[in-house]
Amino acid sequence: MERPHAVLSARDRLPRRHFLRTARLNAVGFSALGGACLVAAATGALASRRTGRPPAVGAALGPAVVLTGLVTLDRRRWAGTTTGFSFTDDAATTRAVADQLAARGLPVIVEEHPPGSPALRYAHRHARRVHAALEGLGIPAPRP
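Residues numbered from 1 in each chain as written. Predicted model: local features only at pLDDT ≥ 70, side-chain atom pairs only at ≥ 80, totals over all residues. Heavy atoms only, no water.

Overview of the overall build of the chain
Stage number 1. Broken down by element type, the chain carries four helices and three strands.
Stage number 2. Reading the helices (α) and strands (β) of the chain from amino to carboxyl end gives α-α-β-α-β-β-α.
Stage number 3. Expressed as a percentage of its 144 residues, the buried residues of the chain come to 24%.
Stage number 4. A separation of at least 24 residues holds for 55% of the contacts in the chain among residues at least 6 apart in sequence.
Stage number 5. About 10,400 Å² of surface is accessible on the chain, with carbon and sulfur atoms providing 59% of the total. (Helix = DSSP H or I, 4+ residues; strand = E, 2+ residues; numbered from the N terminus. Buried < 20%, exposed > 50% of the residue type's maximum accessible area, 1.4 Å probe, protein only. Contact = heavy atoms within 4.5 Å. Areas by Shrake-Rupley, 256 points an atom, 1.4 Å probe, with all protein chains shown as cover.)

Thoughts on the packing of helix H1 (residues 27-51) against helix H2 (residues 55-80)
Stage number 1. Taken N-terminus to C-terminus, the directions of H1 and H2 make an angle of 140°; their axes are 6 Å apart at the nearest point. The angle between H1 and H2 falls in the class oblique. Here H1 and H2 pass one another in a crossing that is right-handed. Every residue of H2 that contacts H1 at Leu 33, Ala 36, Cys 37, Ala 40, Ala 41, Gly 44, Ala 45, Ser 48 and Arg 49 is listed here: Pro 55, Val 57, Gly 58, Ala 59, Gly 62, Pro 63, Val 66, Leu 67 and Leu 70.
Stage number 2. Grouping the amino acids of the contact of H1 with H2 by side-chain chemistry returns 13 nonpolar, four polar and one charged. (Axes fitted to C-alpha atoms, helices over the stretch in contact; angles between N-to-C directions. Parallel < 35°, antiparallel > 145°, perpendicular 65-115°, else oblique. Left-handed = near helix turned anticlockwise from the far one by under 90°. Nonpolar A, V, L, I, M, F, W, Y, C, P; charged D, E, K, R; others polar.)

Brief notes about the pairing of strand E3 (residues 118-123)
Stage number 1. Across the six residues that make up E3, a large majority, five, are buried.
Stage number 2. Sheet analysis places strand E1 (residues 82-85) next to E3, joined by four bridges and oriented antiparallel. Its bridge partner being in E3, Gly 84 is matched across the sheet by Arg 121.
Stage number 3. The pairing of strand E2 (residues 109-112) with E3 spans four bridges and is antiparallel. (Pairing = 2+ DSSP bridges.)

Description of the side chain of His 131
Stage number 1. Mapped onto the fold, His 131 is located in helix H4 (residues 127-136).
Stage number 2. Residue class for His 131 comes out buried when judged on its relative accessible area of 10%.
Stage number 3. At 3.3 Å, the side chain of His 131 forms a polar contact with the backbone oxygen of Pro 142. (Polar contact = N/O pair within 3.5 Å; in protein donor to acceptor, adjacent residues only side chain to side chain.)

Some points on the pattern of salt bridges
Stage number 1. By the definition in use, this model includes two salt bridges.
Stage number 2. Across the pair Arg 95 and Glu 112 runs a salt bridge whose closest N-O atoms are separated by 3.0 Å. Here the residue Arg 95 occupies a position in helix H3 (residues 91-103), and Glu 112 occupies one in strand E2, the gap between them amounting to 17 residues.
Stage number 3. Arg 95 sits in the partly exposed class, given a relative accessible area of 42%.
Stage number 4. Residue Glu 111 pairs with Arg 121 through a salt bridge whose shortest N-O separation is 3.2 Å. Placement of Glu 111 in strand E2 and of Arg 121 in strand E3 is noted, with a sequence separation of 10 residues between them.
Stage number 5. A relative accessible area of 25% places Glu 111 in the partly exposed class. (Salt bridge = Lys/Arg side-chain N within 4 Å of Asp/Glu carboxyl O.)

Pasting the structure below:
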């Protein structure tokens, strides 16, 4: 029997990847970023000219430094934010798993928001280690 519609699941969609994880730039943000890159390019070109190097080298390095700094600061901010993962409705089971993860040196806490729905809460910087430990305990962890 043919279906007149397509069935899609969450796994069928490709995740949208942004070069910034915490900040979402609008037109004003992109304009400011472009302006900072232009100023960095002009400054780099002038500095290169004064040192006897071709100005194009400095003009290319200026925006690269601005973008690298922006991405680095954004990733540091993202690493400090927390995420939650729920795998059961049983608070005792979630606490037992949290205790096992804490015994392995992973900083996790258990939160219940709303009551009756416990979740592990951990920082993004520890996500890979937490997911690997959960897989080791037989709990299917979310994809990073």
